[in-house]
Amino acid sequence: MTSFHWLLFILIVQVIHFLGTWKLYVAAGRKSWEAAIPVYNAIVLMKIINRPSWWTLLLFIPIVNLIMFPVVWVETIRSFGKNAALDTFLVIATFGFYIYYINYTQKLNYIADRSLTPKNKTADTISSLLFAIVVATIVHGYVIQPFNIPSSSLEKSLLIGDFLFVSKFHYGARPPMTAVAAPMVHDTLPLLNKKSYLNWPQLPYLRLPGFQKIKNNDIVVFNWPRDTLYNMYLPADKRYDKPVDKKTNYVKRCVGIPGDSLSIKNGIVFINGKELILPERAKPQYSYKIANDGKTSIDFGTLLESLNVTEQAGFSDNIKRDTLYVRALTFEAAEKLKNTPGITAVERIINKGPEDGIFPDFKDGKPSVNNNWSCDNYGPIYIPEAGKTVALNTTSLPFYKIIITEYEGNKLSVVGNDIYVNDQKATTYTFKQNYYWMMGDNRHNSLDARYFGYTPENHVVGKPVFIWLSLDPNKKGLSKIRWERVFTTVSGEGQPQSYFRYFLIFLALYFGIEYFVKKRKKTEA
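In short, a report on the structure. None of the values given here were measured: they were computed from a predicted structure.

Here the focus is the overall build of the protein chain. Of regular secondary structure, the protein chain possesses twelve helices and 23 strands. For the protein chain, the proportion of its 525 residues judged to be buried stands at 43%. Across the protein chain, every contact between residues at least 6 apart in sequence was considered, and the portion connecting residues at least 24 apart equals 66%. Here the protein chain carries 61 positive and 43 negative side-chain charges, and the mean point of each set is 8 Å from the other.

Structure below.
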């Protein structure tokens, strides 16, 4: 929906509200025109139903307002004596239009001092539940969102089974763009396995002010830009365009920020011609070919487990194998293997180009750009920055085609060697937003920017800040819990340290103080 469409929609809603409530306003001692003024009419309505004025704000928060509108409808009819269960059902079932029936056909008896206390336990439970959902939805959407690590692309920094808290406010919270959706779920309803949202209407992109900008090496949660599947884990027979905020959540390391020139040489990332120095906690991993003398018995399974290598391929048993191929091996682990008796060579595997599927190659394995790139040797490539202009020709177009059409909503056509943007011949293009280059530390097992390209700024979800639980999927019982990772920070200098013991001490102090306070009050009574 365009800005004009939203203004028209808001105007229609205001007209509907005025026509259905103006007599209620008059019966409550207000002026009829007060029902027609946007925002002000909501503030007045809160006074009529004896609810705080700040409730008005909740009516304008996406998703939260889906909960608040039915609450306000029910509160409105109850302020005029309609307390029966049938009245409540009808006003909700008719999406508030039952108020029209009351407004024009019923004798309006305004109850200014009605009791706001629930009359039974069921009503009290529903009221408490709705309040909890509203608070949780606000926290989930604007402050902190829980997130689970599903893949090994950031292995060593973030493990499969890590449960994170993702900050929405570090980079600035992004209000939902999908206006009609279930609260606190992503794209699928739990248990029902059904879509949790409606594609229409869509709110314009907005980001609240944050206190940090994305920097090189930041770990970022974002919506996968190339998500065009109804379910990313199931084959799809046709393209399915998801709203931006309902695309699959991904987590990667941002290695390139707007304005950077990025290249990869033998698996090492270079930014603006200089090697990108990763933080201490980052442990990039690569595939290796390991040769042994064929004589020495080596327990490769135990050996690799001691090096925390969880991904391996190339052998069925671990005795007297000539060659072993290992995935996800760090530089440090590779050096240790070199010093193992019986191992004669440890060689890092470098993928030579051209490699099928490398961005911007998206067509049946046929290179759209004449290069020799692979996941280990790539670029240089420019990371677009908002407001910056690039030359547009048949050579550069494959890199920016998706940006121009899908991410920035322009019409694009090519006639011979001439490029037309919005039916105007174009030799340059100016970017409307910032873009980022997201990569996994597990270099040979990560679906990242090398394959799907740029991540637009409006796809950024937040910054992982805290691991509150970590479960090893290969173990059972209490041994599943990686205690050393519980209550650790995601970023920071040095190796991560668990703050779980301090949390337990805090809980003990809290409950101890609460116990003695209650005991003292009981003694004084």
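Our next topic: the side chain of Ser374. Mapped onto the secondary structure, Ser374 falls in the loop between strand 13 (343-348) and strand 14 (378-382). Within the structure, Ser374 has its side chain in polar contact with the backbone oxygen of Asn351 (distance 2.5 Å). Once you skip the residues sitting within four places of it in the chain, Ser374 turns out to touch Asn351, Lys352, Gly353, Glu355 and Ile358.

We now examine the nonpolar core. Ranked by internal contacts, the top residues of the largest apolar core, which has 45 residues, are Leu262, Ile381, Leu392, Tyr400, Trp437 and Tyr454. If we skip the residues at most four places from it in the chain, Tyr400 touches Tyr382, Pro384, Val390, Leu392, Phe431 and Tyr454.

What follows covers the packing of helix 4 (residues 64-78) against helix 7 (residues 121-142). Relative to each other, helix 4 and helix 7 sit at 155°, their axes nearing to 9 Å. With respect to helix 7, the axis of helix 4 lies roughly antiparallel. Considering how the two elements wind past one another, helix 4 and helix 7 form a crossing that is left-handed. Residues Val64, Ile67, Met68 and Val71 of helix 4 lie in contact with helix 7, whose contacting residues are Leu130, Ile133, Val134, Thr137 and Ile138. Class assignment of the residues belonging to the contact of helix 4 with helix 7 gives a composition of eight nonpolar, one polar and no charged.

For strand 20 (residues 435-439), the tally of buried residues reaches five of five residues, placing the bulk of the element in the interior. Bridging between strand 6 (residues 249-256) and strand 20 involves three bridges; their strand directions are antiparallel. Residue Arg253 lies in a different strand from strand 20, and its bridge partner there is Met439. Judged from the two bridges that link them, strand 20 and strand 21 (residues 455-456) form a sheet pairing that is antiparallel. Within strand 21, the residue paired with Tyr435 across the bridge is Pro456.

Bringing the environment of Thr88 into the picture now. Along the chain, Thr88 falls in helix 5 (residues 85-93). For Thr88, a relative accessible area of 15% translates into the label buried. Leaving out residues up to four positions away in the same chain, Thr88 has contacts with Val74, Ile77 and Arg78.

Here we come to the pattern of salt bridges. Once the charged atoms of two side chains with opposite charge are near each other, the side chains can pair. The full count for this structure, using the stated rule, is 17 salt bridges. Among the salt bridges present, the one from Arg485 reaches Asp162, with a minimum N-O distance of 2.7 Å. Separated by 323 residues along the polypeptide, Arg485 in the loop between strand 22 (460-470) and strand 23 (488-489) and Asp162 in strand 2 (residues 162-167) bring together distant segments of the chain. This pair shows no difference in class: Arg485 is buried, exactly as Asp162 is. Between Arg253 and Asp441 there is a salt bridge, with its nearest N and O atoms 2.8 Å apart. Taken together, the residues span a long stretch of sequence, with Arg253 in strand 6 and Asp441 in the loop between strand 20 and helix 11 (449-452) at a distance of 188 residues. On the basis of relative accessible area, Arg253 is assigned to the buried category, the value being 2%. Taken together, the salt bridges that share partners define one network made up of Arg51, Glu75 and Arg114.

Next up on the list: unusual backbone geometry. In this structure, the amide linkage connecting Phe359 to the following residue, Pro360, adopts the cis form with an omega of 5°. Looking at where Pro360 falls in the secondary structure, it is placed in the loop between strand 13 and strand 14. Geometrically, the link from Gly379 to Pro380 is a cis peptide bond, its omega value of 10° lying close to zero. With respect to the helices and strands, the residue Pro380 is situated in strand 14. In this model, Ile63 sits at a positive phi of 75°, which is unusual for a non-glycine residue. Along the chain, Ile63 falls in the loop between helix 3 (55-58) and helix 4. Phi angles above zero are rare outside glycine, and Asn193 is one such case at about 55°. You can see Asn193 is positioned in the loop between strand 3 (188-189) and strand 4 (194-195). Using a relative accessible area of 54% as the deciding quantity, one classes Asn193 as exposed.

Here the focus is the side chain of Asn217. With respect to the element layout, Asn217 can be found in the loop between strand 4 and strand 5 (219-223). Assessed through its relative accessible area of 13%, Asn217 is described here as buried. Within the structure, Asn217 has its side chain in polar contact with the backbone oxygen of Ile277 (distance 3.0 Å).

Take a nonpolar patch on the surface next. A contiguous nonpolar surface patch, about 1100 Å² in accessible area, is contributed by Phe4, Leu8, Leu11, Ile12, Val15, Ile16, Leu19, Trp22, Val26, Phe95, Phe97 and Tyr104. Top contributing element to the nonpolar patch by residue count: helix 1 (residues 3-27), with nine residues. Relative to the helices and strands, Tyr104 is located in helix 6 (residues 98-105).

All told, the structure shown has 35 aromatic pairs when counted by the stated rule. For the ring pair Tyr286 and Phe331, a centre distance of 5.3 Å and an interplane angle of 25° mean the geometry is stacked. Of this pair, Tyr286 sits in strand 10 (residues 285-292) while Phe331 is found in helix 9 (residues 331-338), placing the two residues 45 residues apart along the sequence. Residue class for Tyr286 comes out buried when judged on its relative accessible area of 2%. A ring pair is formed by Tyr400 and Phe431, whose centres lie 5.4 Å apart and whose planes are at 65°; its orientation type is edge-to-face. Here Tyr400, found in helix 10 (residues 397-407), pairs with Phe431, found in the loop between strand 19 (428-430) and strand 20; they are 31 residues apart in sequence, far enough to count as distant. We classify Tyr400 as buried; its relative accessible area is 8%. Taken together through their ring pairs, the aromatic side chains of Phe359, Trp373, Tyr378, Phe399, Tyr400, Tyr407, Tyr429, Phe431, Tyr435, Trp437 and Tyr454 make up a single cluster. Sitting above the plane of the Tyr286 ring, Arg348 keeps its charged end 4.7 Å from the centroid.

Conventions adopted
- Residues numbered from 1 in each chain as written.
- Predicted model: local features only at pLDDT ≥ 70, side-chain atom pairs only at ≥ 80, totals over all residues.
- Heavy atoms only, no water.
- Helix = DSSP H or I, 4+ residues; strand = E, 2+ residues; numbered from the N terminus.
- Buried < 20%, exposed > 50% of the residue type's maximum accessible area, 1.4 Å probe, protein only.
- Contact = heavy atoms within 4.5 Å.
- Lys, Arg positive; Asp, Glu negative; His and termini not counted.
- Charge placed at Lys NZ, Arg CZ, Asp CG, Glu CD.
- Polar contact = N/O pair within 3.5 Å; in protein donor to acceptor, adjacent residues only side chain to side chain.
- Core = buried A, V, L, I, M, F, W, Y, C linked by side-chain atoms within 4.5 Å.
- Axes fitted to C-alpha atoms, helices over the stretch in contact; angles between N-to-C directions.
- Parallel < 35°, antiparallel > 145°, perpendicular 65-115°, else oblique.
- Left-handed = near helix turned anticlockwise from the far one by under 90°.
- Nonpolar A, V, L, I, M, F, W, Y, C, P; charged D, E, K, R; others polar.
- Pairing = 2+ DSSP bridges.
- Salt bridge = Lys/Arg side-chain N within 4 Å of Asp/Glu carboxyl O.
- Patch = residues over 30% accessible without salt bridge, like charges linked within 9 Å, V, L, I, M, F, W, Y side chains within 5 Å.
- Areas by Shrake-Rupley, 256 points an atom, 1.4 Å probe, with all protein chains shown as cover.
- Phe/Tyr/Trp six-rings, centres within 6.5 Å; stacked < 30°, edge-to-face > 60°.
- Lys NZ or Arg CZ within 6 Å of the ring centre and 35° of its normal.

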